[in-house]
Amino acid sequence: MSVSLPRKSYHLSRGFHVGKQFLNPSVEDIVLRAICVNVKQRRWKFLEQISPKLTNLLVSRVLREFRAFPNLALEFYNWVGESNKDFLSLESSCTLIHVFVNSRRFDSALSLIGSLMNVKGVPPLEILEGLINSFEACSTSPAVFDALVRACAQFGATESAYEVIKKLRLKEIWVTVHAWNNFLNHLLKLNEVCRFWNMYREMVSFGYVENVYTFNLVIYALCKESRLLEAMSVFYRMLKSGVWPNIVTFNMIVDGACKMGDLELALKLFKKIGVMSGDCVRPNSVSYNCIINGFCKVGAVSFAEKLRNDMTKAGVESNLRTYATLVDGYARGGSLEDSFRLCDEMVQRGLTPNAVVYNSIIHWLYAEGDLEGVFLLLSDMMEKHVPADRFTYSILMKGLCRDGHVSESLEFYSQVLERKLVEDAFSFNILIDHMCKTKNLVGAKQLLANMYVRGLLPDVVTYGTLIDSYCKEGSIESAVEVYDKMIKVEKKPNLVIYNSVINGLCKEAAFHVAEHLLDGLRRVGIFDTITYNTLINGYCMIGKIGAAFDLVSEMREMGVLPNRVTYNILINFLCKLGSFKDAKELMKVMILQGMIPDSITYTILITKFSKNCHPEEVIKLHDDMVINGVIPDEQTYKTIICPLLEEENVKNS
């Protein structure tokens, strides 16, 4: 798609072009020539004598003369700004933006647009008008409008980015697919997935042809929503469209499969990257790090390290992220010796462990109660000049709180604040969270007040922690007060907060309000499995099993799949109602849906069946579950199944 604005043809003479030839040059033309000659030679002192003759129009003309020499244009622009800021009009600024874009100096163009927006406070739509008005005279390309959309996205002006696209369309000027990609990418970074889909559909409806970056964004959005099969479908549509995937495409699908826990699929895709790309793409360090992280998360760290060895054999260098993932994986599994072994290996290979690596080991040393090891590691960090970050301080505070040293944790954090080592709400949130979990809401409020005294503003996490705590305590009015304060300071509630509120409303049996809130969330596309599970559990608690099952059907219609928690809630309440046959059938449905019941499902069914059914039926249920891959809960097995098996053996003997 191209711009339909007319373009003027310019004929440049050899060498340095200083202006058109005029039969009867005007005073302005003579001044223009003089300025251009002196700018070329950088005679700024001489130019000061001419500066009284400068006008906004003349500044723009000089900048256009230097369109093939952007550095000189920028120097002249800066000189004018230092001499007389009145002559740096929007017109001259837009002219320089055209010069930068024409020279493919896009970063310089973005920087200047950002300065106009953030420093001078010029609205993006005014900048757009300036760019359109100077488009013909500057003989530039439509890429200048792409640059404006990209700048809006980069500097957080989301609505303005879309307004620019819309206004250009009304003038029958079309930004390229690259501008749309920038805007869509910005929406995903803001986690506005619902709006992403609306904008994507709008883009496609206007006839834009998707490129590899567009397809990558769509695949990323689908993986973000755990819609892996649809992501694979888009991948094949991409191939049919003649668009060849790049390594980013494969990395996103592999990472998506890992995050969904489908490591078998992730590994298959990883191994077939070469085949699926026609040997045009090979796994890179990001690909290996994704798959290594996936296996570390499920505790298969030895296999993950084997993949790291394969990575080395393939000629792909392990980086800090690779080692950090493996170190955390081993530490998480209690194998701190292997974590230290990998740290030594890192150093031998010339890599210095960063704060992320240290934080992983410090966290798990604290978990094991090895305070001596924690302080030795902190000393090592200081010796190697590895700066501690906010996570390091948070781990230390959380460890002190967990060990009952709350006053020491508060004192330590006061020292951190006084030295200005942390300047955000992150570590305060750790302390507030601890106060809330220990039901010390008075202490949490005092910490919140202390935040304001220190000049720190609460963030979404701070508000969310307080709202969740009040809801769990049954203080819905207090939760609503915090919510209202949050809205007044223009903090946008996230899904976690909405779920907390719904949970609190259900506990107070205010289902009509909870349903009204869910309706609102449906309209804006903000809901997840937890949202529905909370309401389903609420309905079950008041005996409305029918309403609970209706919500399960609605979940599927809305594209949200029930998970183990959903089934466990329903199975538990069916058992409470004495509907043991239905509970057992529901477990079979669960297995057919590809979900292996967990130890919670096992405990619910075995406990309820043992109290109400024949021992043989209980043992048969246990056997069926084990055959289907359920790992029995050890305590339940010992207290219920073992005595029944012993009793049966006595009878048989």
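Definitions and limits used
Residues numbered from 1 in each chain as written. Predicted model: local features only at pLDDT ≥ 70, side-chain atom pairs only at ≥ 80, totals over all residues. Heavy atoms only, no water. Helix = DSSP H or I, 4+ residues; strand = E, 2+ residues; numbered from the N terminus. Buried < 20%, exposed > 50% of the residue type's maximum accessible area, 1.4 Å probe, protein only. Areas by Shrake-Rupley, 256 points an atom, 1.4 Å probe, with all protein chains shown as cover. Lys, Arg positive; Asp, Glu negative; His and termini not counted. Charge placed at Lys NZ, Arg CZ, Asp CG, Glu CD. Disulfide = S-S within 2.5 Å. 1 Å grid on protein atoms, 1.4 Å probe; cavity = no way out; pocket = protein on both sides within 12 Å on 5 of 7 lines; lining within 4 Å. Points joined across faces, edges and corners; volume = space filled by probe spheres on them. Axes fitted to C-alpha atoms, helices over the stretch in contact; angles between N-to-C directions. Parallel < 35°, antiparallel > 145°, perpendicular 65-115°, else oblique. Contact = heavy atoms within 4.5 Å. Nonpolar A, V, L, I, M, F, W, Y, C, P; charged D, E, K, R; others polar. Core = buried A, V, L, I, M, F, W, Y, C linked by side-chain atoms within 4.5 Å. Salt bridge = Lys/Arg side-chain N within 4 Å of Asp/Glu carboxyl O. Polar contact = N/O pair within 3.5 Å; in protein donor to acceptor, adjacent residues only side chain to side chain. Phe/Tyr/Trp six-rings, centres within 6.5 Å; stacked < 30°, edge-to-face > 60°. Expected span 1.5 Å × (residues − 1).

Asker: Even after reading the chapter, I still don't get the overall build of the protein chain, so can you show me in this structure?
Answerer: For the protein chain, the count of helices and strands is 38 helices and zero strands. With the C-alpha coordinates of the protein chain rotated into their principal frame, the extents come out at 125 × 60 × 55 Å. Among the 653 residues that make up the protein chain, the fraction classed as buried is 47%. Carbon together with sulfur atoms contributes 54% to the accessible area of the protein chain, which is approximately 33600 Å² in total. Averaging the positions of the 72 positive and the 72 negative side-chain charges in the protein chain gives two centres separated by 8 Å.

Asker: Can you help me understand the state of the cysteines in this one?
Answerer: When the sulfur atoms of two cysteines share a covalent bond, that bond is a disulfide. Using the criterion set out here, one finds zero disulfides in the structure. Cys-471 supplies the cysteine sulfur nearest to Cys-436, a cysteine that is in no disulfide, at a spacing of 11 Å. Overall, the relative accessible area of 8% leaves Cys-436 in the buried class. Considering cysteine sulfurs only, Cys-506 is the nearest to Cys-471, which forms no disulfide, with 10 Å between them. On the accessibility criterion, Cys-471 (1% relative accessible area) is buried.

Asker: What am I meant to see in the layout of surface pockets here?
Answerer: In this approach a probe as big as a water molecule rolls over the atoms, and the regions it shows empty are the leftover space. In this structure, the largest pocket spans a volume of roughly 2100 Å³. Around the largest pocket sit 49 residues that line it, and Lys-224, Glu-225, Ser-226, Phe-527 and Asp-528 are the ones nearest its centre. At the level of elements, α12 (193–205), α14 (228–240), α31 (511–524), α32 (529–541) and α34 (564–576) are the ones that each hand at least two residues to the lining of the largest pocket. Taken as a whole, the second largest pocket spans an internal volume of roughly 610 Å³. Elements with a contribution of two residues or more to the lining of the second largest pocket: α18 (285–297), α20 (320–332), α22 (355–367), α24 (390–402) and α26 (426–437).

Asker: Where do I start with the packing of helix α9 (residues 143–154) against helix α11 (residues 177–189) in this structure?
Answerer: The N-to-C vectors of α9 and α11 enclose an angle of 5°; their axes lie 9 Å apart at closest approach. By the criterion of interaxial angle, the relationship of α9 to α11 is roughly parallel. Here Asp-146, Val-149, Arg-150 and Ala-153 of α9 lie close against α11, whose contacting residues are His-178, Ala-179, Asn-182, Phe-183 and His-186. Of the residues in the contact of α9 with α11, the class split is four nonpolar, three polar and two charged.

Asker: Would you mind showing me how to read empty space enclosed by the protein here?
Answerer: All chains considered together, the criterion is met by one cavity of 30 Å³ or more. Its boundaries defined by the atoms lining it, the largest cavity holds a volume of some 50 Å³. Lining the largest cavity are Ile-165, Leu-168, Arg-169, Ile-173, Trp-174, Val-175, Trp-180, Phe-206 and Tyr-208. In terms of residue count, the dominant contributor to the lining of the largest cavity is helix α10 (residues 158–170) (three residues). Split into classes, the residues belonging to the lining of the largest cavity amount to eight nonpolar, no polar and one charged.

Asker: Explanation requested: the packing of α26 against helix α28 (residues 460–473) in the structure shown.
Answerer: To characterise two packed helices, one gives the angle between the axes of the helices and the distance between these axes. At a minimum axis distance of 10 Å, the contact between α26 and α28 shows a crossing angle of 0°. As far as their axial angle goes, α28 and α26 are roughly parallel. Every residue of α28 that contacts α26 at Asn-429, Ile-432, Asp-433 and Cys-436 is listed here: Val-461, Thr-462, Thr-465, Leu-466 and Ser-469. Partitioning the contact of α26 with α28 into residue classes produces four nonpolar, four polar and one charged.

Asker: Help me understand the nonpolar core, please; the structure alone is not making it clear to me.
Answerer: A general feature of soluble globular proteins is that nonpolar side chains tend to end up buried together. Counting residues in each nonpolar core, the largest one holds 134 residues, and the members touching the most others are Ile-35, Phe-76, Phe-145 and Ile-291. With 71 residues, the next largest nonpolar core counts Leu-466, Tyr-470, Ala-514 and Cys-613 among its residues.

Asker: What exactly am I supposed to notice about the pattern of salt bridges here?
Answerer: One side chain can pair with another of opposite charge once the charged atoms of both are near each other. This structure, assessed with the given rule, holds 25 salt bridges. For Glu-129, the salt bridge goes to Lys-171, with nearest N and O atoms at 3.9 Å. With Glu-129 in helix α7 (residues 124–133) and Lys-171 in the loop between α10 and α11, the pair connects residues that are 42 residues apart, well separated along the chain. Bridged by salt links that share partners, the residues Glu-305, Arg-308, Asp-338, Arg-341 and Glu-345 form one connected network.

Asker: Sorry if this is basic, but what is going on with the environment of Met-397 here?
Answerer: Tracing the sequence through the fold places Met-397 in helix α24. For Met-397, a relative accessible area of 0% translates into the label buried.

Asker: Explain the side chain of Thr-322 here, please?
Answerer: Relative to the assigned elements, Thr-322 resides in helix α20. Separated by 2.8 Å, the side chains of Thr-322 and Asn-319 make a polar contact. When residues no more than four places from it in sequence are discounted, the contact partners of Thr-322 are Asn-289, Ile-292, Arg-308 and Met-311.

Asker: Quick question: what am I supposed to make of unusual backbone geometry here?
Answerer: Residues other than glycine predominantly adopt negative phi, and peptide bonds predominantly adopt the trans conformation. Despite not being glycine, Arg-42 has its phi angle at roughly 55°, a positive value. With respect to the helices, strands and loops of the structure, Arg-42 is situated in the loop between α1 (27–40) and α2 (44–50).

Asker: Explain the side chain of Asn-181 to me, please; I cannot follow it from the model alone.
Answerer: Take Asn-181: it is sitting in helix α11. Of note is the side chain of Asn-181, whose polar atom sits 3.1 Å from the side chain of Asn-211. Residues contacting Asn-181, with those up to four places away along its chain left out, are Asn-211, Tyr-213, Thr-214 and Leu-217.

Asker: Sorry, what's going on with the packing of aromatic side chains here?
Answerer: Describing an aromatic ring pair means giving the distance of the ring centres and the angle of the ring planes. Taken as a whole and judged by the stated rule, the model has 18 aromatic pairs. Their ring planes at 65° and their centres at 6.3 Å tell us that Trp-180 and Phe-183 sit as a pair that is edge-to-face. With Trp-180 and Phe-183 both in helix α11 and three residues apart, this pair spans about one turn of that helix. Since its relative accessible area comes to 0%, Phe-183 is described here as buried. Residues Phe-580 and Phe-609 carry aromatic rings whose centres are separated by 5.5 Å and whose planes lie at 70° to one another, so their mutual orientation is edge-to-face.

Asker: Hey, could you run me through helix α19 (residues 301–313) in this one?
Answerer: Helical periodicity: at 3.6 residues per turn, an α-helix aligns residues three or four positions apart in one direction. Relative to the 18 Å expected for 13 residues at 1.5 Å per residue, α19 spans 19 Å between its end C-alpha atoms, a close match to the ideal helical length. Taken together, the buried residues of α19 touch α16 (263–271), α18, α20 and α21 (336–348). Phi for Gly-315, located one or two positions after α19, is positive at around 85°.

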